[in-house]
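# Topology and contacts: notes
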Amino acid sequence: MSTSILRHASTSAGILTAFAIVGTALLAVTYLVTRPIIAETEKQAKLALIGQILPRSQYDNDIIKDAALLPPSAELGNKEPTPVYRASKQGRPYAAVLEVVAPDGYSGKIRMIVAIKADGVVSGVRVVTHNETPGLGDYIDIAKNAWIRIFEGKSLSKYPDRDWKVKKDGGKFEHMAGATVTPRAVVKAVHKSLKYFNANRDNIFSLPADSPHP
Amino acid sequence: MSDSTISYKEIIWNGLWKNNAGIVALLGLCPLLAVSSTVVNGVSLGLATALVMACSNGAVSVVRNWVPNEIRIPVFILIIAVLVTIIQLAMNAYMQPLYLVLGIFVPLIVVNCNVLGRAEAFASKNPVLPSMVDGFVVGFGLTLTLGVLGAMREVFGKGTLFSGIDLALGESARQFVITVFPDYQGFLFAILPPGAFLGLGLIIAGKNWIDQRASKKAQMQPAADLPPSSVTA
């Protein structure tokens, strides 16, 4: 009696194991086939995103390869090392693209990329992911509104610290009625990233390349 | 439905109308409400689900005689999880913008109760071909619901139809986007989750209304006049 139960159980276990092995093998094959394609698509997507805020004609290096990892810092709002992409023209630093997190959006983190030219002027900002309220706070997304372009050409030398606020708080940055929390978070994050860039400029351009997309 | 009398007509009628997964069985509502804000999102996730269901029903049917009864659920789940992961990787590789929009709802197809439900209720008792047809049709019924709901929400919420089609079919498909109301300010309520609940309620009410009309007609007229497919009501 007990041996037949044992046999039955081990047959079932064997069948289950066989299915698990076949399933794992199928997944392994799919993963190996799709991995290079996914990596390439991700690289192209990132390049296209950076291309929006840093014209391709302005630099001549492989910006995705020439990336370095920056340690976590409060100014960038990140808790893990994040990449900085460096653009150069004929070997001279032209601009850096920082990945920045605004921790204080209306509903959670707003992830952005900020391109800053070597002279400290913002070339452009784009929101990568956010959870702001559709129709109210989501105008920070370039797909909805051109608002995010107000940062282009701004710098710390042009606007002193007290101007880096939304108009409602006494600063120089326009925002739309009804949603102040979202633009406030974005303005603050861009301001902090500029301060970070100014303080770490030499370091950013001299770090050895350590690309997440080898 | 017993093994001997499998009628494809009945499978299709059940999956698309009579037992529509979205509006009659009310199963799989989580993706239904979350991604049906536009036609393209709803239909894309619906088709991914239908594909998974056709494959999983087919695979379950193939192995149905070798799997002991007590471990069938883990085996079915394993098959479904493998298929969903394969589709997820393939979407990420070949349709990445769409994959990013649908996000977490692609892997969540694994826990869509329609998938396991059809594997257990139909595929584990029927031959391969009818099982695959059943899986696809039930998934396609869900796709239709998602498409109609997406169309309602998109027209009233954004004033467009097929926005985001370039995510699925490439940049050249952008010309297919239809602007229903030019300069529309947008109706936020339709885009947010309450709009999905309300839209779904309206669709269910519409279906019940049609069914009731049909059954009233059937009562008044001799049954012989009716097309055979509607007798099932």
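All values derive from a computational prediction rather than experimental measurement. (Residues numbered from 1 in each chain as written. Chains lettered and ligands numbered in written order. Predicted model: local features only at pLDDT ≥ 70, side-chain atom pairs only at ≥ 80, totals over all residues.)

### Focus on the interface of chain A and chain B
Taken together, the 17 residues of chain A in the interface contact 20 residues of chain B. Residues that form the side of chain A that touches chain B fall into these classes: 11 nonpolar, six polar and no charged. (Contact = placed C-beta atoms within 7 Å. Nonpolar A, V, L, I, M, F, W, Y, C, P; charged D, E, K, R; others polar.)

### Side note on the domain arrangement of chain A
All names here are of chain A. What the domain assignment reports for chain A is domain 1 (1–53) and domain 2 (57–206). Distance between the C-alpha centres of domain 1 and domain 2: 38 Å. The interface is formed by seven residues belonging to domain 1 together with 10 residues belonging to domain 2. Tallied by class, residues from the side of domain 1 that touches domain 2 come to four nonpolar, one polar and two charged. (Domains from an automatic or database assignment.)

### Looking at unusual backbone geometry
For Gln90 of chain A, which is not glycine, the phi torsion reads 50° and is therefore positive. Tracing the backbone through its elements, the reader meets Gln90 of chain A in the loop between β2 (82–89) and β3 (92–105). Residue Gln90 of chain A is classed as exposed on the basis of its 8 C-beta neighbours within 10 Å. Of note in the backbone geometry, Phe162 of chain B takes a positive phi value of approximately 65° without being a glycine. (Helix = DSSP H or I, 4+ residues; strand = E, 2+ residues; numbered from the N terminus. Buried ≥ 20, exposed ≤ 12 C-beta atoms within 10 Å, placed from the backbone.)

### Structural notes on the confidence of the model for chain A
Averaged over every residue, the pLDDT of chain A is 89; residues scoring 70 or more account for 98%. Averaged pLDDT values for the elements of chain A fall to 87 in strand β1 (residues 67–70) of chain A and rise to 93 in strand β4 (residues 108–117) of chain A. (pLDDT = per-residue confidence, 0-100.)

### Overview of the sheet that holds β4 of chain A
Residue and element names in this part refer to chain A. The strand order across the open sheet formed by five strands is β1-β2-β3-β4-β5, and the pairing between neighbours is antiparallel. Edge positions in the sheet fall to β1 and β5 (122–129), since each of these pairs with one other strand and no more. For this sheet, the mean inter-axis angle between neighbouring strands, taken without regard to orientation, is 25°. Across six bridges, the pairing between β4 and β5 is antiparallel. Looking at β5, one finds that Ile116 is bridged to Val122. Of the strands in this sheet, β2, β3, β4 and β5 are in contact with helix α1 (residues 2–53), which crosses β5 at around 140°. (Pairing = 2+ DSSP bridges. Axes fitted to C-alpha atoms, helices over the stretch in contact; angles between N-to-C directions.)

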